[in-house]
Structure formats: structure tokens, C-alpha cells
Amino acid sequence: MKNYQYFLFDWDGCLAQTLPIWLNAYKEVYAEHGVFPTDQEIVFHFGDWEAPKYYGLDVKKTFEKIDKKAEEDLKKVELYEGARELLDKLRPNKKLAVLSSSERITLDYGLENNNLTNFFDIVISGDEVENHKPHPEVIEKGLAALNGEKELAIMIGDSRKDLGAAKNAGIDSVLIYPPEHKLYYDLDDLKTYQPTFVASGFKELEDMII
């Protein structure tokens, strides 16, 4: 493995166990409007800020309801097993970033709950970019803020949007795919985005890079 210096982490479904929280919020709000997509259909559009329109719903009003449904649980969200340990080992010598499509307020909830406020060198939320992943804007903006080199950067994420953004930005990537993600993503589909590495969790990733 390269001697990576810039570790760019996704938040939802990667560092933080937010997928069940968001899935339940989407399902409840959609059901209130008589819309019943499958779990896989909902997850497919995670990170897409126009998702409700595909079901004939008002985007702004629907997301306001979804955010309200998820808010209390997001304040208590926990990290995936091994995530904090890996971050603590990387922090002294590496540059760390969170690059997320989530709104800043939801990121702040999770960072605060896990004692990560001011931990990362940079945090960029979805409301701080014009184009969301898989567009490379958030990666390019993050690396510019870190004064980082693409050749020494790696994106760690759980979704096709993370992997696609890394590919579009021209940097390496890690797919984090714990067993519980089988409910949300098809592994073969994710592999078509050609992640540089695939890890079942952060302990396996730690063994790869440290």
C-alpha cells in the first residue's frame, strides 16, 4: 500500500451507523404520503438531494419531515466498531477529513456525540458544495484545504457515490462493507466502481494500512 497522507472519510454509513436511522425516517415519511419504495430503492438515492421528486413529492417539504424524524436518533449515533481506534492511530501523523453529503447540522450532532468535534483537520458538509458526490467537488475542495496531493490521498466510503467521487477525482478509494451492509448495498455492484481496497470493517482496514 502507498504511504497515504490524506485520509478522506465519508460519514453516513462509513464512520457513523446512520443508515438505519435515515432508512427508517425515509420509510415513515414516504408512508405518510402513500409511497412505499423498497429499502434498496430508498438507499440507492441516499445522498441525492432530489430523491423525493422521483416519487412525486415536494423535495423541500419532504426533506424537512425526514430530517425532523431522524434528528433525535442522529444526536445519539455511534461509530462503527473499530472506527475510533483507527482514527486515533492515524491522527498524529496523517491529515484527516470528513467529506459528507449530509447537512452540517447533522454532522455536528454525530461529531459531538462521539467526541470528534474539532478532531478532523477539515469537515465539509453537503450544504458547503454545489455538486454532491459522485461529483468530485467535495474531494477537490477537501484536498485544496489540506494542501494535499491526489497521489497520497485515499477516500474511505461505503457507497457508489463515495467510490464514484474518488474515481472522478482521480484518487484511490476504500470500500467499507461490513456484514450488515448487505441489506443496503449489492457488493458486486459496488465493486464495479473499482475501489482500490475492500474491507469488511475498520479493523481489517487498520491491518491493511498500519
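Residues numbered from 1 in each chain as written. Predicted model: local features only at pLDDT ≥ 70, side-chain atom pairs only at ≥ 80, totals over all residues. Heavy atoms only, no water.

**A look at the pattern of salt bridges**
In a structure, side chains of opposite charge can pair up when their charged atoms sit close to one another. Definition in use: Salt bridges are defined as contacts in which a side-chain nitrogen from Lys or Arg sits within 4 Å of a carboxyl oxygen from Asp or Glu. Helix numbers and strand numbers start at the N terminus; a helix is a DSSP run of H or I with at least 4 residues, a strand a run of E with at least 2.
One pass over the structure, following the stated rule, counts 17 salt bridges. Across the pair Lys76 and Asp73 runs a salt bridge, and its minimum N-O distance is 3.9 Å. Between Asp207 and Lys203 there is a salt bridge, with its nearest N and O atoms 2.8 Å apart. Separated by four residues within a single helix, Asp207 and Lys203 lie in helix H9 (residues 202–209), roughly one turn from each other. The network of salt bridges with shared partners includes Asp10, Lys133 and Asp162.

**Examining the pairing of strand E4 (residues 153–157)**
The condition that has to hold: The buried label goes to any residue with under 20% of its type's maximum accessible area, the exposed label to any with over 50%, and the partly exposed label to all in between, with areas taken from a 1.4 Å probe on protein chains only. Note: two strands are recorded as paired if DSSP finds a minimum of 2 bridges between them. When the strands point away from the viewer, a crossover counts as right-handed if the route from the first strand across the helix to the second turns clockwise.
By the criterion of burial, E4 is predominantly enclosed, with five of the five residues buried. Burial along E4 is two-sided: Ala153, Met155 and Gly157 facing one way and Ile154 and Ile156 facing the other are all buried. Where strand E1 (residues 6–9) lies against E4, four bridges are found, and the strand directions are parallel. Bridging across to E4, Phe9 finds its partner in Ile156. Alignment of E4 against strand E5 (residues 172–176), held across four bridges, turns out to be parallel. Bridge pairing links Ile156 to Val174 in E5. As for the winding sense of the linkage, the β-α-β connection from E4 through helix H7 (residues 160–169) to E5 is right-handed.

The analysis is restricted to geometry; functional conclusions fall outside its scope.
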